[in-house]
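What the coordinates show
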Protein chains: 4
Amino acid sequence: MASVFGNALKVSIFGQSHSPAVGVVIDGLPAGFKPDFEALKRFMLRRAPGRSRHATARSEADEPEILSGIVNGATCGAPLAAVIRNTDARPRDYEGVRDIPRPSHADFAAQAKFHGAQDVSGGGHFSGRLTAPLCFAGGLCLQLLEAEGIVIGAHIASIGNASDRPFNPLGEDTETLRRLAESDFPVLDSARGEKMQSVIDEARDAGDSVGGVIECIVMGLPAGVGSPMFDGLENRLAAAVFAVPAVKGIEFGSGFAGARLRGSENNDAFYTDGCVVRTETNNHGGILGGISSGMPILFRVAVKPTPSIALPQRSVRLSDKTNVQLTVKGRHDPCIVPRAVPAIEAAAALALYDALLSNEATV
Amino acid sequence: MASVFGNALKVSIFGQSHSPAVGVVIDGLPAGFKPDFEALKRFMLRRAPGRSRHATARSEADEPEILSGIVNGATCGAPLAAVIRNTDARPRDYEGVRDIPRPSHADFAAQAKFHGAQDVSGGGHFSGRLTAPLCFAGGLCLQLLEAEGIVIGAHIASIGNASDRPFNPLGEDTETLRRLAESDFPVLDSARGEKMQSVIDEARDAGDSVGGVIECIVMGLPAGVGSPMFDGLENRLAAAVFAVPAVKGIEFGSGFAGARLRGSENNDAFYTDGCVVRTETNNHGGILGGISSGMPILFRVAVKPTPSIALPQRSVRLSDKTNVQLTVKGRHDPCIVPRAVPAIEAAAALALYDALLSNEATV
Amino acid sequence: MASVFGNALKVSIFGQSHSPAVGVVIDGLPAGFKPDFEALKRFMLRRAPGRSRHATARSEADEPEILSGIVNGATCGAPLAAVIRNTDARPRDYEGVRDIPRPSHADFAAQAKFHGAQDVSGGGHFSGRLTAPLCFAGGLCLQLLEAEGIVIGAHIASIGNASDRPFNPLGEDTETLRRLAESDFPVLDSARGEKMQSVIDEARDAGDSVGGVIECIVMGLPAGVGSPMFDGLENRLAAAVFAVPAVKGIEFGSGFAGARLRGSENNDAFYTDGCVVRTETNNHGGILGGISSGMPILFRVAVKPTPSIALPQRSVRLSDKTNVQLTVKGRHDPCIVPRAVPAIEAAAALALYDALLSNEATV
Amino acid sequence: MASVFGNALKVSIFGQSHSPAVGVVIDGLPAGFKPDFEALKRFMLRRAPGRSRHATARSEADEPEILSGIVNGATCGAPLAAVIRNTDARPRDYEGVRDIPRPSHADFAAQAKFHGAQDVSGGGHFSGRLTAPLCFAGGLCLQLLEAEGIVIGAHIASIGNASDRPFNPLGEDTETLRRLAESDFPVLDSARGEKMQSVIDEARDAGDSVGGVIECIVMGLPAGVGSPMFDGLENRLAAAVFAVPAVKGIEFGSGFAGARLRGSENNDAFYTDGCVVRTETNNHGGILGGISSGMPILFRVAVKPTPSIALPQRSVRLSDKTNVQLTVKGRHDPCIVPRAVPAIEAAAALALYDALLSNEATV
């Protein structure tokens, strides 16, 4: 189904941009786990609107209310349900898009599927607002993973043509990852970050938007987690990450660049210090045959430019099938990449914690 | 689970490279469907070894035996099971890899997961051999899709640094797709194809291998198929495509290139002739909000260079944790991209036919 | 997972007896469906506490709040989420049961599974309170089924040794089913109903409780719905119905009585009026080979006596492993059978509507 | 889907009565498990035709061929696929049933669903023949459970009106269970068994058939396995057991008889010897709130009389909608209860081993 994810963990996300609330039900969390709700709140704040100078003017408290699954501060084995109220909903802004779909938005495809029944306000179920419950669920998984020594971090790898330096494929130190997690605009190289922010400013000033790439690293996942074929870590991570709106590509390790190489260049030689086995390079992105190799998991995600721009665009009035010019109204980020960073971390955490829970043992 | 795919359709793939057989069980096929088994055989031949000058010397009849699900040439509603015997199995070739894992193969990760119980011969369950049953199942779905007017085609977009011309994002004619499907080395521009084949030859002559990119197009899928969030077409296609060994990346429409663009450049304007609504460009790759837009679905897949190369490589002997030099033996393709083309088509067909079957209706 | 049900429809139920709320997320409902919320409210009232003279004194508004999935009174294709607040929660009543499990309650098994993390107040996730969201989801499915001409009804077949007359296995008229749905104590024969109520009164007066049997009929389901093997209608109905607390058995058609018969007695002869094909008897309960036959679906469900009784009982103090005498406190029904009737209808509606949605077609 | 079962374990069963083969794919078995194939063969022989004096004259070698998943006698982590050839298939016997459905067989329902595409020979996918791969998969799970100290046994509780003594609800000794497993006609009281066999003989001599009840016990399952709501042990066991053809009812513990009792009679008091906590009686059948209590799991299954009888019956010729008399041809058991015993054990083993594998932990 559209909104349910996971094998051992079942995460069911609901809500539309301007429905009374968005929320999530998480079934399968281990009992007795005491979430750090303050840390979770900080994590969720990273994707909240109204936070950075580039984000939409919409402001949401984004305070999740726990409806079930927590007793005395700990999970009780029953499904954990949380809702986040949509306090600043302005449904009126979007009345027109049912008839005149916005280019590169889901409006037209949703109309084709739901024949007018779909919720058009703010993108309905397609809205980036749905990443709030995704971050709630993923934020809990991040904490559960961290308790196992597994840390997930991500940074803005590029905005338009401006790039950050890449992660060290052999591993980043925990301090760097913590600093990224605390940043409004998570980059490894702050000078390059300034350049990237300028690219966003220029796009916004031009009534335009801009896309970018997010790079994610997972440190500490032991070798041997995952499966071949359809439940490989790549399959599962991709299946989760494409749930984040605007994601249009994912590559692991050397990815598309690796496809230009020879085997002798792309292969990662094994070596050992007599104790641990590692690879000299990490073009495989920590995954071989769908299973973790013990090296950091590395992937990059392509995020398209926000389709909502102030510039006039060509569209079609569906009711009378005429070509029209459209100017999109409403509040929109000129670049959603910074706010998508925690959503990518959350999606990765969901996929990996689920893989960890359902990792078959040997006898 | 590792080897089961699908919502409305359940495809369960089994077998190892050198087990008695590989095979597939397909549950949920509509009853009364009469597969064209000759066409299926031709489709499967496209991935069979021993076919082109670049492929492994292993020769397999690859003749599937139908064990159930077919009565008088038509599906009967019961699961369709097919097995393909491994007639040319030489388990002895691989004895050493349990102790000395081959770089960038699944050997090491499998050892970490299964602690020696895994089948190492020819890569076991991780082998490209598993794409034979995948192609059997996907080949049937291709026929079912074709009956709905939906055609899937793919070509070799690049080998190393040598590239074919890309698909026309607004659509390719059926004749071109048919020609691709009949070719040993499916490219759009045969002169460029010659260059790409040279790149493979050079790699092989150097005892090396080379990677590449496959581009896939889906024509005729109506608008409105798919779902937002976790069951979007991108999620489902990615979940299927990463089951093909050596795939390390996937991007839809403008993908990673689109992430460098502004919204005004990447957005696809709608237009109409008063009848059909289409987009002027197809940077969205036919998918908006996880749902088909009615435009061709376009995606590209990164295939890493074959990890098995004749050149000596560095690895580790696990039994005594020492660094060793390894020369991989066995029969290997210098480039698996050509044989991966039908596997990508098959994976796409599985994902899309399943999405079509489980596409919820309005009341 | 524990709390997720369905193939084409995914129903995710959450909440504990005394958590802030109970609720449900329903993914996969057709878009454009306009629920009759007044009828749904009436249906849910049938299971609400504080309604009949036999029910617990706990009073709940049981007013569901729709959080998502409904736009302008109709389903919009996004998951429908509804919560019901637990307004009259008194967690203090149950402090003791973590250490001294109540006989034939889930307390001991939950302790063994969750090691103290489970929510013990009012039975936590095991509470009959969870049938409120079940009835919400099932009530919607009842309406969707009714739109297809499929009606589900149930009555109290017996309380202790006092029995109602059984349904006519060949069909009950719609008027009878409507009357049952409007009754506080749904029986076919009101005189027998009085006797059954006396049995409950006697049990209550004795500080005891009593069990019973519910018989359910489904009229109008066309022949050909369901599947052989694991997704047969019997499998699916049973999997849903055992989610209702206190259910300990289910039988279809002649069930256990049929197991005493010969084939010539139990077989249902086919006959036709030249138009429709029916069976002369209905010992098969409308299901053959897991698939509907077009005859009414008939099943009976055994409901155990409420385990919470006022009489003193023997139990164990887990903390020091000593045998103790226990007197259960709290508010409890002397017989939950009357309130379980709509829950059984709801569970059946979920299973059958899901089966209908996922019924594979022929080509 | 119809033929796939399990959460952590995925069992996919295929084949029809007279297709080239029946078989099963099992994904999720722990790697490194060395099945005792001799013991498995003996287990499967218990359901094989041609074994007892009451069974069909059809004789099948029933020798499973392992196609994948086993290396050097042990599971390797890849799916285990096994096929059993249908060597003694006589498709011709069943030509007529497509037009004239046999009373209380799946013929009519299958025709309504598949519109003629279904396989009618020998019941197709609805045949008892499908219990052969079920017993293969379940037999492996029985061995895996036994390695955990969990033993499953079953006996014929009744044939028609002749009954065996019931299991001791507080536990049966291992020796008794072993003796049952080795018996052609598994009963606890051999004198009563003779009477039950006479009932079968009389039915057969009358050209008739007879039903019965199977009682199953599970010893050694620790407390704390299972889940509330939809994944309770009752839900899962029922979902598995109804896959065995002819099963029409299931009850746990005191079941339908318990529904006639008062709470004070049906409740199972806890007691302890200062070490282990047990219940004095076992009316709950070892399951409370969907979770194991540590007491033996006890359930009874109603098996309808074989619908195929030699006596003439009334049916309908579908092609011209006329009432006709039908005499069923082919080879049929006058009572399938004895052969269904291992199938019930197998179904229980599948459900419980899957529950064990997917039993969520506390942190």
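Look a little higher up for the structure.
To start, this report covers the structure provided alongside it. (Residues numbered from 1 in each chain as written. Chains lettered and ligands numbered in written order. Predicted model: local features only at pLDDT ≥ 70, side-chain atom pairs only at ≥ 80, totals over all residues. Heavy atoms only, no water.)

1. Examining the overall build of chain A
When its secondary structure is counted, chain A shows nine helices and 18 strands. Against the 2.2 N^0.38 benchmark of 21 Å for 363 residues, chain A shows a C-alpha radius of gyration of 21 Å, consistent with a compact globule. Along the three orthogonal principal directions, the C-alpha set of chain A runs to about 70 × 50 × 35 Å. The long-range fraction of contacts in chain A, counting pairs at least 24 apart against all pairs at least 6 apart in sequence, stands at 72%. Just so you have it, chain A exposes about 11,100 Å², and 50% of that area is on carbon and sulfur atoms. (Helix = DSSP H or I, 4+ residues; strand = E, 2+ residues; numbered from the N terminus. Rg over C-alpha atoms; globule rule 2.2 N^0.38 Å. Contact = heavy atoms within 4.5 Å. Areas by Shrake-Rupley, 256 points an atom, 1.4 Å probe, with all protein chains shown as cover.)

2. Remarks on the nonpolar core
Among the nonpolar cores identified, the biggest contains 160 residues, and Ile159, Ile250 and Phe299 of chain A together with Ile159, Ile250 and Phe299 of chain B are the most heavily contacted of them. Setting aside anything within four residues of it in sequence, one finds Ile159 of chain B in contact with Phe185, Met196, Val199, Ile200, Val210, Gly211, Gly212, Cys335 and Val337 of chain B. (Core = buried A, V, L, I, M, F, W, Y, C linked by side-chain atoms within 4.5 Å. Buried < 20%, exposed > 50% of the residue type's maximum accessible area, 1.4 Å probe, protein only.)

3. Points about helix 2 (residues 107-114) of chain A
Spacing of three or four residues puts side chains on the same side of an α-helix, whose turn is 3.6 residues. All names here are of chain A. Burial analysis of helix 2 places six of its eight residues in the buried class, which makes it a mostly covered element. For helix 2, the full list of buried residues reads Asp107, Phe108, Ala109, Ala110, Lys113 and Phe114. Trailing helix 2 by a residue or two, His115 shows a phi angle of about 55°, which is positive.

4. Here we look at the environment of Ala340 of chain D
Here Ala340 of chain D is to be found in helix 9 (residues 337-357). Along the primary structure Ala340 of chain D and His155 of chain D are separated by 185 residues, whereas in three dimensions their C-alpha atoms are 10.0 Å apart.

5. Some details on the packing of helix 6 (residues 233-241) of chain B against helix 9 (residues 337-357) of chain B
Residue and element names in this part refer to chain B. Between helix 6 and helix 9, the shortest axis-to-axis distance is 8 Å and the interhelical angle comes to 140°. Put simply, helix 6 runs oblique to helix 9. The two elements helix 6 and helix 9 cross, and the hand of that crossing is right-handed. Mapping the contact onto sequence places Leu233, Arg236, Leu237, Ala240 and Val241 in helix 6 and Ile344, Ala347, Ala348, Ala351, Leu352, Asp354 and Ala355 in helix 9. Among the residues making up the contact of helix 6 with helix 9, the classes are represented as ten nonpolar, no polar and two charged. (Axes fitted to C-alpha atoms, helices over the stretch in contact; angles between N-to-C directions. Parallel < 35°, antiparallel > 145°, perpendicular 65-115°, else oblique. Left-handed = near helix turned anticlockwise from the far one by under 90°. Nonpolar A, V, L, I, M, F, W, Y, C, P; charged D, E, K, R; others polar.)

6. Here's the deal with the interface of chain D and chain C
Contacts between the two partners involve 105 residues from chain D and, on the opposite side, 105 residues from chain C. With both chains or domains summed, chain D and chain C bury close to 8,400 Å², and 62% of this area falls on carbon and sulfur atoms. At the surface where chain D touches chain C, the tally comes to four salt bridges. Here Lys248 of chain C makes a salt bridge to Glu234 of chain D, at a shortest N to O gap of 2.7 Å. (Buried area = accessible area lost by both parts, 1.4 Å probe. Salt bridge = Lys/Arg side-chain N within 4 Å of Asp/Glu carboxyl O.)

7. Some words on the pairing of strand 2 (residues 10-15) of chain B
All names here are of chain B. By the criterion of burial, strand 2 is predominantly enclosed, with five of the six residues buried. As paired elements, strand 1 (residues 4-5) and strand 2 share two bridges and run antiparallel to each other. Across the sheet, Phe5 pairs through a bridge with Val11, a residue of strand 2. Taken together, the six bridges between strand 2 and strand 3 (residues 21-27) define a ladder with antiparallel strand orientation. Bridge pairing in strand 3 places Val11 opposite Ile26. (Pairing = 2+ DSSP bridges.)

8. Side note on the relation of the copies chain D and chain B
Rotating chain D by 180° about the axis while translating it 0.0 Å along that axis superimposes it on chain B, leaving an RMSD of 0.0 Å. Seen this way, the second copy is the image of the first under a two-fold rotation axis. Among all C-alpha atoms of chain D, that of Ser12 of chain D lies closest to the rotation axis, at 3.7 Å. A share of 100% of interface residues in chain D that are also interface residues in chain B marks the association as one of identical surfaces. (Least-squares fit on C-alpha atoms with pLDDT ≥ 70 in both.)

9. A word on the environment of Phe33 of chain C
Relative to the assigned elements, Phe33 of chain C resides in the loop between strand 3 (21-27) and helix 1 (37-45). Phe33 of chain C sits in the buried class, given a relative accessible area of 9%. Here the alpha-carbon distance between Phe33 of chain C and Ser293 of chain C, two residues 260 residues apart in the chain, equals 28 Å. With residues up to four places along the chain from it excluded, the contact list for Phe33 of chain C reads Val363 of chain B together with Gly73, Ala74, Thr75, Leu140, Gln143 and Leu144 of chain C.

10. Observations concerning the sheet that holds strand 2 (residues 10-15) of chain D
Residues and elements named next belong to chain D. Overall, antiparallel pairing links the five strands, which are arranged 1-2-3-7-4 in an open sheet. Sheet topology places strand 1 (4-5) and strand 4 (65-68) at the edges, where each strand pairs with a single neighbour. Contacts between helix 3 (residues 131-147) and the sheet are confined to strand 2, strand 3 (21-27), strand 4 and strand 7 (80-85), with strand 3 contributing the most and set at about 30° to the helix.

11. Description of the packing of aromatic side chains
Each aromatic ring pair is described using two quantities: the centre-to-centre distance and the angle formed by the ring planes. Scanning the entire structure with this criterion turns up 18 aromatic pairs over all chains. Ring plane angle 35° and centroid distance 5.0 Å describe the contact between Phe230 of chain A and Phe5 of chain B, whose orientation is recorded as tilted. Taken together, the residues span two chains, with Phe230 of chain A in the loop between strand 10 (212-219) and helix 6 (233-241) and Phe5 of chain B in strand 1. Given the relative accessible area of 5%, Phe5 of chain B is considered buried. The interplanar angle of 45° and the centroid separation of 5.7 Å between the aromatic rings of Phe252 of chain C and Phe299 of chain C together place this pair among those described as tilted. Placement of Phe252 of chain C in strand 11 (residues 247-252) and of Phe299 of chain C in strand 16 (residues 297-303) is noted, with a sequence separation of 47 residues between them. Each of the two residues, Phe252 of chain C as well as Phe299 of chain C, counts as buried. (Phe/Tyr/Trp six-rings, centres within 6.5 Å; stacked < 30°, edge-to-face > 60°.)

12. Some words on the side chain of Arg102 of chain A
Within the secondary structure, Arg102 of chain A is located in the loop between strand 7 (80-85) and helix 2. At 2.7 Å, the side chain of Arg102 of chain A forms a polar contact with the side chain of Asp107 of chain A. (Polar contact = N/O pair within 3.5 Å; in protein donor to acceptor, adjacent residues only side chain to side chain.)

13. A look at the relation of the copies chain D and chain C
With an axial shift of 0.0 Å and an RMSD of 0.0 Å, the rotation relating chain D to chain C amounts to 180°. Most of the interface of chain D is mirrored in chain C: 100% of its interface residues are interface residues there too.

14. Thoughts on the environment of Arg46 of chain D
Residue and element names in this part refer to chain D. Mapped onto the secondary structure, Arg46 falls in the loop between helix 1 (37-45) and strand 4. Given a relative accessible area of 6%, Arg46 falls into the buried group. Here the side chain of Arg46 touches Ala181 through a polar contact of 3.3 Å, landing on its backbone oxygen.

15. Observations concerning the side chain of Asn86 of chain A
Residues and elements named next belong to chain A. Here Asn86 shows up in the loop between strand 7 and helix 2. Residue Asn86 is classed as buried on the basis of its relative accessible area of 8%. In terms of polar contacts, Asn86 uses its side chain to reach the backbone carbonyl oxygen of Ser17, at 3.2 Å. A distance of 2.5 Å separates the side chain of Asn86 from the side chain of Arg129, its partner in a polar contact.

16. Brief notes about the pairing of strand 18 (residues 322-326) of chain C
All names here are of chain C. With five bridges joining them, strand 17 (residues 313-317) and strand 18 adopt antiparallel strand pairing. Bridge assignment links Val316 to a residue of strand 18, and that residue is Asn323. Between strand 17 and strand 18, which pair antiparallel and follow one another directly, the connecting turn spans four residues, one of which, Lys321, has a positive phi of 50°.

Everything listed here is a matter of geometry and, on its own, says nothing about what the molecule does.
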